[in-house]
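Below, each chain spelled out in residue letters.
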Amino acid sequence: MTDPAAPRVWAVVPAAGVGRRMAAPVPKQYLPLLEHPVMDWSLHALLMEPRVAGAVVALGDDDNWWRGREALAGKALYRVRGGRERADSVLACLRFLVAELAGHDDWVLVHDAVRPCLTPSALARLLDLGLGHADGALLAVPVRDTLKQGGRDGTVRHTTPRDALWQAQTPQLFPLGALLNALRDAHDQGVLVTDEAQAMEHAGYAPLLVEGDSTNLKITRPGDLPLAESILRARGGSRAPEE
Ligand SMILES: Nc1ccn([C@@H]2O[C@H](COP(=O)(O)OP(=O)(O)OP(=O)(O)O)[C@@H](O)[C@H]2O)c(=O)n1
Ligand SMILES: C[C@](O)(CO)[C@H](O)COP(=O)(O)O
């Protein structure tokens, strides 16, 4: 039973990329993963969380995943046209929410369509810790490898101290109004942000880092798909996404 006093949370899923680095015949969010499209797993992980009200998905013009879908895991799905950059796709989702669905005090949970291995426990931890933090919060993992700065000639320039470095993941959780303003200002100022937290930082906020786990990988290059499959199989095939 969800807490009636808790803010409403909408999932925002950017899924309009073309997947250049994957070099697959179709954008990677549509590739099969244990007999379901990658993005079904990502959406299912979000929508199974009781505190998530529904999802707005940014899709490309040549999408054929949607096929009139209106729900997944019993929650409402809405679609918008994605933009040139990931940030533009997220902004399109936020504008739709403000115009059509959301209330002023609602929050958004932005999650890459190509992160299919998000666990319910990591998502719950982010919501438990982040919903009370007005600057928002994001899942991240501490950097584990030694980091090298490379030079143009392919040699090491220097080793970067890693003790305070984190690898940002998604979901990233923010108050809807604050994130909309931050992304819109970053766009208007020509600041290309690669995640939502960067836009919020640019606006002067300090999002909370919530430790996730390294299995929440982003499907980016060909080797990532079999890795995601082994992660899901190790969880017992996880809970396959419902229609
Ligand atoms: N204009 C864009 C670019 C990306 N994305 C989405 O943002 C997420 C993370 O982006 P990334 O991994 O970079 O996906 P692509 O942009 O498709 O990959 P590439 O950079 O290799 O082309 C993906 O779910 C992707 O579909 C989006 O909605 N709109
Ligand atoms: C949002 C993100 O997944 C956080 O690590 C990442 O910045 C997306 O980068 P991409 O190049 O758009 O995949």
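Residues numbered from 1 in each chain as written. Chains lettered and ligands numbered in written order. Predicted model: local features only at pLDDT ≥ 70, side-chain atom pairs only at ≥ 80, totals over all residues. Heavy atoms only, no water.

As annotated in an unreviewed UniProt entry, the protein carries the name 2-C-methyl-D-erythritol 4-phosphate cytidylyltransferase and comes from Aquisalimonas asiatica. Database annotation for the protein, UniProt heading Pathway (unreviewed entry): "Isoprenoid biosynthesis; isopentenyl diphosphate biosynthesis via DXP pathway; isopentenyl diphosphate from 1-deoxy-D-xylulose 5-phosphate: step 2/6." Its UniProt record, at the heading Sequence similarities (unreviewed entry), says of the protein: "Belongs to the IspD/TarI cytidylyltransferase family. IspD subfamily." (UniProt positions renumbered as here; feature names shortened; annotations may be inferred.)

Some remarks on the overall build of the protein
Looking only at helices and strands, the protein has six helices and twelve strands in total. Since a compact globule built from 243 residues should have a radius of gyration of about 18 Å, the 18 Å found for the protein is in line with a globular shape. Taking the principal axes of the C-alpha coordinates as reference, the protein spans close to 55 × 40 × 35 Å. Put simply, the protein has 243 residues, and 47% of those count as buried. Taking contacts inside the protein between residues at least 6 apart in sequence as the whole, the part at least 24 apart equals 71%. Total accessible area on the protein stands at roughly 12200 Å², and carbon and sulfur atoms take up 51% of it. Across the protein, the mean location of the 26 positive side-chain charges is 5 Å away from that of the 30 negative side-chain charges. (Helix = DSSP H or I, 4+ residues; strand = E, 2+ residues; numbered from the N terminus. Rg over C-alpha atoms; globule rule 2.2 N^0.38 Å. Buried < 20%, exposed > 50% of the residue type's maximum accessible area, 1.4 Å probe, protein only. Contact = heavy atoms within 4.5 Å. Areas by Shrake-Rupley, 256 points an atom, 1.4 Å probe, with all protein chains shown as cover. Lys, Arg positive; Asp, Glu negative; His and termini not counted. Charge placed at Lys NZ, Arg CZ, Asp CG, Glu CD.)

Examining the sheet that holds strand 12 (residues 208-211)
Taken in spatial order, the eight strands of this open sheet run 5-6-4-1-7-11-8-12, and their pairing is mixed. Each of the sheet's edge strands pairs with one partner strand only, and the pair in question is strand 5 (71-72) and strand 12. Bridge count for strand 1 (residues 9-15) against strand 7 (residues 107-110) is four bridges, and the pairing is parallel. Directly across from Val9, in strand 7, lies its bridge partner Trp107. Packing of helix 2 (residues 86-101) onto the sheet brings it into contact with strand 1, strand 4 (52-59), strand 6 (75-81), strand 7 and strand 11 (166-175), and relative to strand 1 it is tilted by some 145°. Where helix 4 (residues 176-188) meets the sheet, it contacts strand 7 and strand 11, and its direction lies at approximately 120° from that of strand 11. (Pairing = 2+ DSSP bridges. Axes fitted to C-alpha atoms, helices over the stretch in contact; angles between N-to-C directions.)

A word on the UniProt feature "site: Transition state stabilizer" (unreviewed entry) in the protein
Under the UniProt annotation, "site: Transition state stabilizer" (unreviewed entry) lies at Arg21 and Lys28. The subset of the named residues that lines the largest pocket consists of Arg21 and Lys28. Among the structural elements, Arg21 can be located in the loop between strand 1 and strand 2 (32-33). Structurally, Lys28 can be placed in the loop between strand 1 and strand 2. Taking relative accessible area as the criterion, Lys28 reaches 9% and is therefore assigned buried. Not counting residues within four places of it along the chain, the set of residues in contact with Lys28 comprises Gly19, Met22, Val38, Val114, Ile219 and Thr220. (1 Å grid on protein atoms, 1.4 Å probe; cavity = no way out; pocket = protein on both sides within 12 Å on 5 of 7 lines; lining within 4 Å.)

Focus: the side chain of Glu196
Assignment of secondary structure puts Glu196 in helix 5 (residues 196-202). Excluding its chain neighbours within four sequence positions, the residues that come into contact with Glu196 are Arg86, Val90, Val110, Gln172, Phe174 and Leu179.

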